[in-house]
Amino acid sequence: MSNLYTTTESPSPHAHVVAESPGVDAAPSAIVVASLRGDPGHAVLDEAVCEAVFRGTRDQPAALHVVSFVTDQSATPGRGESAEAREIARQLQEAGIEYRVYGASAEPVDQVLGLVEATRAQLLAISVRKRSPMMKLFLGSVAQQLILEAPCPVLAVK
């Protein structure tokens, strides 16, 4: 008899692919990006594109693996919307960067850290936002967990 309350295997970090470019797997290196919707002008994407060019080869930048989060007023991440993912894909295509865009899973920290490991990312770029002291007390911070647990350097952009 199976146990309905536990899972034997964690879901693949690639389970929620929304958009990708054809050469993403051929890129010389990878950067994982955790992007919050509402990030003004996608500042974290702009910084990640600069890092992709810097960390790639002379002929080809690093690929970006972007997890797109939507948020509500309670600071809880939710699944990325397809319109948001399409906008991110458009920006990266215009910049000439290979990419794969993912919608956020129910466990965003595990998903992002899983992507960092699966892609052997050189860098994790995250967008951060200000939270009140009360919100910090009651809710765990995805950004804080990522900064503390990532096995690679983390670039926090606000």
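Residues numbered from 1 in each chain as written. Predicted model: local features only at pLDDT ≥ 70, side-chain atom pairs only at ≥ 80, totals over all residues. Heavy atoms only, no water.

### Considerations on the overall build of the protein chain
Item 1. Across its full length, the protein chain carries five helices and seven strands.
Item 2. Per-residue burial for the protein chain yields a buried fraction of 43% across its 158 residues.
Item 3. A separation of at least 24 residues holds for 79% of the contacts in the protein chain among residues at least 6 apart in sequence.
Item 4. Looking at the protein chain as shown, the accessible area adds up to about 9,200 Å², and 52% of this sits on carbon and sulfur atoms. (Helix = DSSP H or I, 4+ residues; strand = E, 2+ residues; numbered from the N terminus. Buried < 20%, exposed > 50% of the residue type's maximum accessible area, 1.4 Å probe, protein only. Contact = heavy atoms within 4.5 Å. Areas by Shrake-Rupley, 256 points an atom, 1.4 Å probe, with all protein chains shown as cover.)

### Digging into the environment of Leu113
Item 1. Along the chain, Leu113 turns up in helix H3 (residues 108-119).
Item 2. Each C-alpha atom, one on Leu113 and one on Gln145, is 9.8 Å from the other, the two residues being 32 residues apart in sequence.
Item 3. With sequence-adjacent residues up to four places away left out, Leu113 is seen in contact with Leu146, Glu149, Ala150 and Pro151.

### Quick word on H3
Item 1. An ideal rise of 1.5 Å per residue puts 16 Å on twelve residues; H3 measures up with 16 Å between its terminal C-alpha atoms.
Item 2. Of all twelve residues in H3, nine are buried, a share of seventy percent or more.
Item 3. Within H3 the residues assigned to the buried category are Pro108, Val109, Gln111, Val112, Leu113, Gly114, Leu115, Val116 and Thr119.
Item 4. Trailing H3 by a residue or two, Arg120 shows a phi angle of about 55 degrees, which is positive. (Expected span 1.5 Å × (residues − 1).)

### Description of the pairing of strand S2 (residues 30-36)
Item 1. Among the seven residues in S2, seven count as buried, and that is most of the element.
Item 2. With burial as the criterion, each face of S2 is covered, one bearing Ala30, Val32, Ala34 and Leu36 and the other bearing Ile31, Val33 and Ser35.
Item 3. Pairing analysis gives four bridges linking S2 to strand S6 (residues 123-127), with the strands arranged parallel. Among the inter-strand pairings, Val33 is bridged to a residue of S6, identified as Ala125. (Pairing = 2+ DSSP bridges.)

### Section: the pairing of strand S5 (residues 99-103)
Item 1. The buried fraction of S5 is high, at five of five residues.
Item 2. The two faces of S5 match: Tyr99, Val101 and Gly103 on one face and Arg100 and Tyr102 on the other face are all buried.
Item 3. The pairing of strand S1 (residues 17-20) with S5 spans three bridges and is antiparallel. Residue Val17 lies in a different strand from S5, and its bridge partner there is Tyr102.

### A word on the nonpolar core
Item 1. One finds Ile31, Val33, Leu64, Val66, Leu92 and Val101 to be the most contacted residues of the largest nonpolar core, which totals 21 residues.
Item 2. When contributions to this core are tallied by element, the ones reaching two or more residues are S2, helix H1 (43-55), strand S3 (63-71), helix H2 (82-95), S5 and S6.
Item 3. Of all the elements, H1 adds the most residues to this core, at five residues.
Item 4. Not counting the four nearest positions on each side in its chain, Ile31 is found in contact with Ala48, Glu51, Ala52, Arg55, Ala62, Ala63, Leu64, His65, Ala121 and Leu123.
Item 5. Residues Val32, Leu36, Leu115 and Leu146 belong to the second largest nonpolar core, which totals 19 residues. (Core = buried A, V, L, I, M, F, W, Y, C linked by side-chain atoms within 4.5 Å.)

### Considerations on the packing of H3 against helix H5 (residues 142-149)
Item 1. Interhelical geometry of H3 versus H5 gives an angle of 35 degrees and a closest axis separation of 10 Å. Here the hand of the crossing between H3 and H5 comes out right-handed. In this structure, H3 contributes Pro108, Val109, Val112 and Leu113 to the contact, and H5 contributes Val142, Gln145, Leu146 and Glu149.
Item 2. When its residues are assigned to classes, the contact of H3 with H5 shows six nonpolar, one polar and one charged. (Axes fitted to C-alpha atoms, helices over the stretch in contact; angles between N-to-C directions. Left-handed = near helix turned anticlockwise from the far one by under 90°. Nonpolar A, V, L, I, M, F, W, Y, C, P; charged D, E, K, R; others polar.)

### Notes on the side chain of Thr119
Item 1. Considering the arrangement of structural elements, one finds Thr119 in helix H3.
Item 2. Thr119 gets classed as buried once you look at its relative accessible area, which sits at 17%.
Item 3. Of the polar contacts made by the side chain of Thr119, one reaches the backbone oxygen of Leu115; its length is 2.7 Å. (Polar contact = N/O pair within 3.5 Å; in protein donor to acceptor, adjacent residues only side chain to side chain.)

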